[in-house]
Amino acid sequence: PNGTYPILATGGQIGWATEYLYDKPSVLIGRKGTIDKPRYQDTPFWTVDTLFYSEIGTSCSTKFIFYKFCLIDWIKNNEASGVPSQNAKTIEKIQISLPPLPEQTAIATALSDTDALISSLQTLITKKQAIKLSAMQNLLSGKIRLPEFALRPDGSPKTTHQTELGLLPEDWEVVELGDVLSLVLNKKVDVPFFTFIGMQDVSEEAKIINQTVLPITQLKSGLTYFEKNDVLVAKITPCFENGKGGYAHNLKTQIGFGSTEFHILRANQQADAEFIYYWTISPKFRQQLALDMVGSAGHKRVPFQALQKFKIPLPSKPEQTAIAQLLSDMDAEIESLECRLKKTQSLKQGMMQTLLAGKIRLPLE
């Protein structure tokens with residue numbers, strides 16, 4: 001408990017030690033268990049016997065060797081039928097191409113800089129996601145008002161009033177979700193194509209990540225009908241609890257059909273559809289309705305009636321739209337950062353494949 005040095009195993013750190021086994025930069029690789037996840041360690045450490053560490057000579061850059069390790073297919077070296085295993089002799093026989101030390105250092109520095117950018121993007125995305133969640137909790141509950149809705153016509157600040165959901169802004173009311181929804185009917189629309197969205201096409205961040213456009217001749221009976229700007233909410237566990245769903249604001253066709261395991265919510269004239277969507281992805285909505293699930297273990301689902309009875313605080317429609325727009329802008333910023341992260345990760349992979357193989361050379365000063 002009072003140790004200073006991490007004790008490392010194939011799955012990560014498992015404790016602390018008062019002494020270190022090795023105190024120089026090292027590349028670590030699993031001997032048993034997780035054998036395909038190389039690790040770079042540049043602070044003193046202790047390892048258990050399922051994890052190899054390496055002592056790198058002065059003619060090599062340890063970070064360069066680490067990146068070389070990352071390109072090796074370690075699973076090929078598995079020597080066990082059960083828990084994956086490999087031995088030191090097999091590892092020592094692996095041949096690699098090795099440039100002079102200055103070039104190793106330059107390559108390792110370029111890849112490390114890319115890793116640092118990836119790490120900073122991941123940290124920024126996590127921060128932006130936390131900010132958005134806080135904004136959702138405060139804006140959807142009226143705890144924070146947008147400036148253009150916080151004052152009365154005479155310029156005085158609006159106050160709050162007590163409701164069954166607690167204190168709300170004086171111009172907000174409490175409604176059941178069903179009061180701001182319209183009935184969704186399966187229309188007979190003469191269209192050549194429709195969009196299909198299954199449970200696999202929505203993410204656990206309640207985003208529609210894939211749309212399949214099909215000719216209307218391929219439409220099967222029993223699917224769930226929806227249209228542009230409808231909100232999709234998974235009704236089964238664990239999909240509902242994991243947040244699966246989506247907002248069909250960018251539907252590729254005039255109409256869509258989806259899995260029968262979706263509830264379809266359509267905002268009426270009182271409500272902004274995107275405002276309703278943000279309520280459906282709020283933790284409070286998911287957690288409370290999860291308690292109303294019915295059915296046998298493993299096959300529970302949220303009844304539509306329970307969803308309709310869920311009570312929400314409702315501002316005026318212009319304020320709903322303004323709140324939804326602000327949250328949508330936050331989502332767009334996060335998605336832009338995630339796209340940049342994916343591109344940077346892809347760039348790094350390409351750099352590793354070319355720089356470590358000598359296909360592209362870096363200029364040396």
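Report on the accompanying structure. Computed from a prediction, not measured in an experiment: that's the story for all the values here.

Spatial ordering of the open sheet is given by S4-S3-S6, a layout of three strands whose pairing is antiparallel. With one partner strand each, in any of the chains shown, strand S4 (39-41) and strand S6 (51-53) form the two edges of the open sheet. Mean inter-strand twist for the sheet, computed between neighbouring axes without regard to direction, equals 30 degrees. Across three bridges, strand S3 (residues 26-30) lies against S6 in antiparallel orientation.

We now examine the pattern of salt bridges. As enumerated under the stated definition, the model contains 16 salt bridges in all. Measuring nitrogen to oxygen at the nearest pair gives 2.6 Å for the salt bridge that ties Glu103 to Arg361. With a gap of 258 residues between them, Glu103 in helix H3 (residues 101-141) and Arg361 in the segment after helix H7 (317-355) connect regions that are remote in the sequence. According to the relative accessible area criterion, Glu103 is buried, its value standing at 5%. We classify Arg361 as exposed; its relative accessible area is 57%. Arg266 is paired through a salt bridge with Asp230; the nearest N and O atoms lie 2.8 Å apart. Here Arg266 is found in strand S17 (residues 262-267), whereas its partner Asp230 is found in the loop between strand S13 (224-227) and strand S14 (231-234), with 36 residues between them in sequence. One exposure class covers both Arg266 and Asp230, and it is buried.

Definitions and cut-offs
Residues numbered from 1 in each chain as written. Predicted model: local features only at pLDDT ≥ 70, side-chain atom pairs only at ≥ 80, totals over all residues. Heavy atoms only, no water. Pairing = 2+ DSSP bridges. Helix = DSSP H or I, 4+ residues; strand = E, 2+ residues; numbered from the N terminus. Axes fitted to C-alpha atoms, helices over the stretch in contact; angles between N-to-C directions. Salt bridge = Lys/Arg side-chain N within 4 Å of Asp/Glu carboxyl O. Buried < 20%, exposed > 50% of the residue type's maximum accessible area, 1.4 Å probe, protein only.

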